[in-house]
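Chain by chain, the residues run as shown.
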Amino acid sequence: MFDIDTIKFGPDGLVPAIACDAFSNEVLMQAYMNKESLAKTLETGEAHYYSRSRKEIWHKGATSGNIQKVVSISSDCDNDSILIKVEQKGVACHTGKYSCFFNNMTQVHYAASLDAILQDIKIIRERKNQPVEGSYTNYLLSKGKEKICKKIGEEASECIIAAIKNDNDELGNEIADLLYHVLVLMECQALDIKEIMKILEDRRNNERVKNYR
């Protein structure tokens, strides 16, 4: 259980607070909290911070609507910094970016992880909201679900053929193509990946399904 009295606030009465997306673990922003704003966060279930410039508590999203619903709060080993996992409504950054951390100082390289799928989802959504001339994603979205479903059928067939041939290199590429087209269909249908993950989680916790697996 999180205990506010264990937090070591600095001489200025503040402690650094990092907010990250509870689903993707993407770091969204870094701000500060004092004891009162942390208490409000715990009480309301929505992130409250302390503005050093305005010298007042601010409710994240109170004006913009981009609130942060708290999923969990934890402190580090020294109890002098806080990690808040949130469900972010809208964007976290005042610039309109989802995360404040968008100024890349090194060449972007995504490790082989769930992040690859999340980045694909992000790009597909960006294409939908801000079409790019010559984009294959925009072509599919403009043609609609019938075209997308046809492509999914084609890619699924190619996966089967690659598997029968025992060609794992080809199979890996075909599965990647299949996943991409499924993600495009999800965006076309406004189906969020979180809904799919919730179904999988519910199935994992269902005793009947668990025993079947």
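So, a few notes on the structure that sits alongside this text. The shown structure was predicted, so the numbers you read here are calculated from the model rather than taken from an experiment. (Residues numbered from 1 in each chain as written. Predicted model: local features only at pLDDT ≥ 70, side-chain atom pairs only at ≥ 80, totals over all residues. Heavy atoms only, no water.)

**Structural notes on the overall build of the chain**
Counting secondary structure elements, the chain contains seven helices and six strands. Shown N-terminal to C-terminal, the secondary structure of the chain runs as helices and strands in the order β-β-α-β-β-β-β-α-α-α-α-α-α. Here the chain has a C-alpha radius of gyration of 22 Å; the compact-globule value for 213 residues is 17 Å, and the former is much larger. Along the first, second and third principal axes, the C-alpha set of the chain runs to 65 × 50 × 30 Å. Summed over all atoms, the accessible surface of the chain reaches about 14,000 Å², with 53% contributed by carbon and sulfur. One way to put it: in the chain the 28 positive side-chain charges average out to a point 4 Å from where the 32 negative ones average out. (Helix = DSSP H or I, 4+ residues; strand = E, 2+ residues; numbered from the N terminus. Rg over C-alpha atoms; globule rule 2.2 N^0.38 Å. Areas by Shrake-Rupley, 256 points an atom, 1.4 Å probe, with all protein chains shown as cover. Lys, Arg positive; Asp, Glu negative; His and termini not counted. Charge placed at Lys NZ, Arg CZ, Asp CG, Glu CD.)

**Details of the packing of helix 4 (residues 145–164) against helix 5 (residues 168–188)**
It is at 9 Å that the axes of helix 4 and helix 5 come closest, and there the two elements cross at 160 degrees. On the basis of the axis angle, helix 4 is roughly antiparallel to helix 5. For the element pair helix 4 and helix 5, the recorded crossing hand is left-handed. For the pair formed by helix 4 and helix 5, the contact residues are Lys 145, Ile 148, Cys 149, Lys 151, Ile 152, Glu 155, Ala 156, Glu 158, Cys 159, Ala 162 and Ala 163 on the first element and Glu 170, Leu 171, Glu 174, Ile 175, Asp 177, Leu 178, His 181, Val 182, Val 184, Leu 185 and Cys 188 on the second. (Axes fitted to C-alpha atoms, helices over the stretch in contact; angles between N-to-C directions. Parallel < 35°, antiparallel > 145°, perpendicular 65-115°, else oblique. Left-handed = near helix turned anticlockwise from the far one by under 90°. Contact = heavy atoms within 4.5 Å.)

**Overview of the sheet that holds strand 6 (residues 82–88)**
The strand order 2-1-6-5 describes an open sheet built from four strands, whose pairing is mixed. Of all strands in the sheet, those with a lone pairing partner are strand 2 (27–33) and strand 5 (68–75), marking the two edges. Across the sheet, the mean angle separating the axes of adjacent strands is 25 degrees when strand polarity is ignored. Direction of pairing for strand 5 relative to strand 6: antiparallel, over a ladder of seven bridges. When the bridges of strand 6 are listed, Ser 75 appears paired with Ile 82. (Pairing = 2+ DSSP bridges.)

**What to know about helix 3 (residues 136–143)**
Along helix 3, the positions that sit buried rather than exposed are Thr 137, Asn 138, Leu 140 and Leu 141. Across the axial projection of helix 3, the buried residues extend over an arc of 160 degrees, all falling on one side. In this structure, the buried residues of helix 3 make contact with helix 2 (114–129), helix 4 and helix 5. One or two steps after helix 3, the chain reaches Gly 144, where phi turns positive at roughly 95 degrees. (Buried < 20%, exposed > 50% of the residue type's maximum accessible area, 1.4 Å probe, protein only. Arc of directions from axis to C-beta.)

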